[in-house]
Amino acid sequence: MLIRSKAPLRLGLAGGGTDISSYYNLHGGYILNATIDMYAYCTIEPTDDNSITFIAADIEKQEAYPSSPCIEIHRDLKLHTGVYNSIVKKFNNNRALSFRMTTYSDAPAGSGLGSSSTMVVAIIKAYVEWLNLPLGEYDIAALSYEIERSDLQLAGGKQDQYAATFGGFNFMEFYQDEKVIVNPLRLKRWIRNELENSLVLYYTGVSRESSNIIRQQIENTKNNNVKSIESMHEIKKQAIKMKESLLMGDFKSFSQCLTDGWNAKKNAAEGISNPFINELMDYILANGAEAGKISGAGGGGFIMCFCDPCKRMTLIRALKKRDGVVMTPSFTELGTQAWTIYNN
């Protein structure tokens with residue numbers, strides 16, 4: 001028997017950073033995002049040899065352990081080991097499991113597409129399928145957040161877990177006491193098609209440690225840094241405006257929201273932008289793009305470019321002259337999925 005799962009990566013369209021607890025607990029956070037046809041994958045093969053093997057195929061890491069109710073958190077496989085410990089403790093009466101797990105992702109860690117949180121969601125979904133756990137979408141997303149932020153003490157926001165779990169276009173609201181509301185957007189098909197045809201993703205080749213930037217944002221909020229907090233307020237305002245622009249199919253307004261949101265984001269913390277990113281943004285705008293922003297915390301990863309579809313190929317050709325990777329993503333409607341294969 002094989003249990004497989006996958007969860008979609010996301011594009012953060014607007015509101016990024018307001019999903020950090022130090023901000024939303026005081027002011028409330030709004031996020032607009034959409035999942036794309038890039039995924040994190042997980043396969044579980046139950047075994048009867050009283051061992052646990054984790055294989056992260058994309059980063060070429062593998063570790064094996066004797067079956068135990070709690071295993072040591074491994075530096076390179078902290079997501080795998082952290083999820084296992086939580087599942088066994090909360091849902092398996094501290095009874096050890098025996099299995100072989102293989103994972104991989106379509107995007108590297110530090111890409112800005114929420115790859116780490118998406119991997120956690122995919123792994124949890126595989127356990128849900130295998131152990132028949134009574135967990136719905138909100139439960140899976142909340143558990144993923146708890147494992148990353150509380151159990152593993154990884155700094156970060158809250159949107160990625162909910163995007164990967166629910167899928168599609170969502171306007172998300174975050175409040176104190178861990179209250180989360182996911183509002184699916186019912187976009188007209190032509191609006192979705194137009195946006196899809198207007199986007200180009202460019203991977204800078206620079207993977208970054210988002211937690212460093214996020215920790216600074218957390219400190220800025222705790223220390224009541226006026227410049228940082230005002231920029232977060234502006235980012236949140238742009239999320240509301242962009243949602244309205246999308247629902248109405250007003251792409252001129254969408255483009256302006258993207259620009260205004262990026263300009264505000266750069267003031268939220270040091271390191272979000274840098275001379276390399278600034279030069280790249282200027283290059284993108286000079287070669288057909290109307291607007292652009294870093295997807296995720298900043299500092300590197302993927303840049304999302306918005307352009308007139310008629311100028312898309314001009315932009316793609318220009319970007320291919322540089323060292324990064326050019327992609328044209330498609331949007332997905334479904335969140336995390338799992339299925340079981342029974343061997344004959």
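Parameters at a glance
- Residues numbered from 1 in each chain as written.
- Predicted model: local features only at pLDDT ≥ 70, side-chain atom pairs only at ≥ 80, totals over all residues.
- Heavy atoms only, no water.
- Helix = DSSP H or I, 4+ residues; strand = E, 2+ residues; numbered from the N terminus.
- Rg over C-alpha atoms; globule rule 2.2 N^0.38 Å.
- Buried < 20%, exposed > 50% of the residue type's maximum accessible area, 1.4 Å probe, protein only.
- Contact = heavy atoms within 4.5 Å.
- Pairing = 2+ DSSP bridges.
- Axes fitted to C-alpha atoms, helices over the stretch in contact; angles between N-to-C directions.

Undergrad: Quick one: what's the story with the overall build of the protein chain, residue by residue and with numbers?
TA: Broken down by element type, the protein chain carries 11 helices and 12 strands. Compactness check: the protein chain gives a C-alpha radius of gyration of 20 Å against a globular reference of 20 Å for 344 residues, within 12% of the reference. Taking the principal axes of the C-alpha coordinates as reference, the protein chain spans close to 60 × 45 × 35 Å. Put simply, the protein chain has 344 residues, and 56% of those count as buried. Restricting the contact set of the protein chain to residue pairs at least 6 apart, pairs at least 24 apart contribute 72%.

Undergrad: Can you lay out the sheet that holds strand E8 (residues 199-203) for me, pointing to particular residues and giving the numbers?
TA: Spatial strand order, E9-E10-E8-E11: four strands in an open sheet with antiparallel pairing. Among the strands making up the open sheet, the edge pair consists of strand E9 (289-294) and strand E11 (325-327). Looking at each pair of strands side by side, their axes are set apart by 25 degrees on average, direction ignored. Pairing between E8 and strand E10 (residues 302-307): five bridges, direction antiparallel. Bridge assignment links Leu199 to a residue of E10, and that residue is Phe306. Across the sheet, helix H6 (residues 189-198) is in contact with E8 and E10; its angle to E8 comes to roughly 40 degrees. The strands that helix H9 (residues 251-265) touches are E9 and E10; relative to E9, the one it contacts most, it runs at about 40 degrees.

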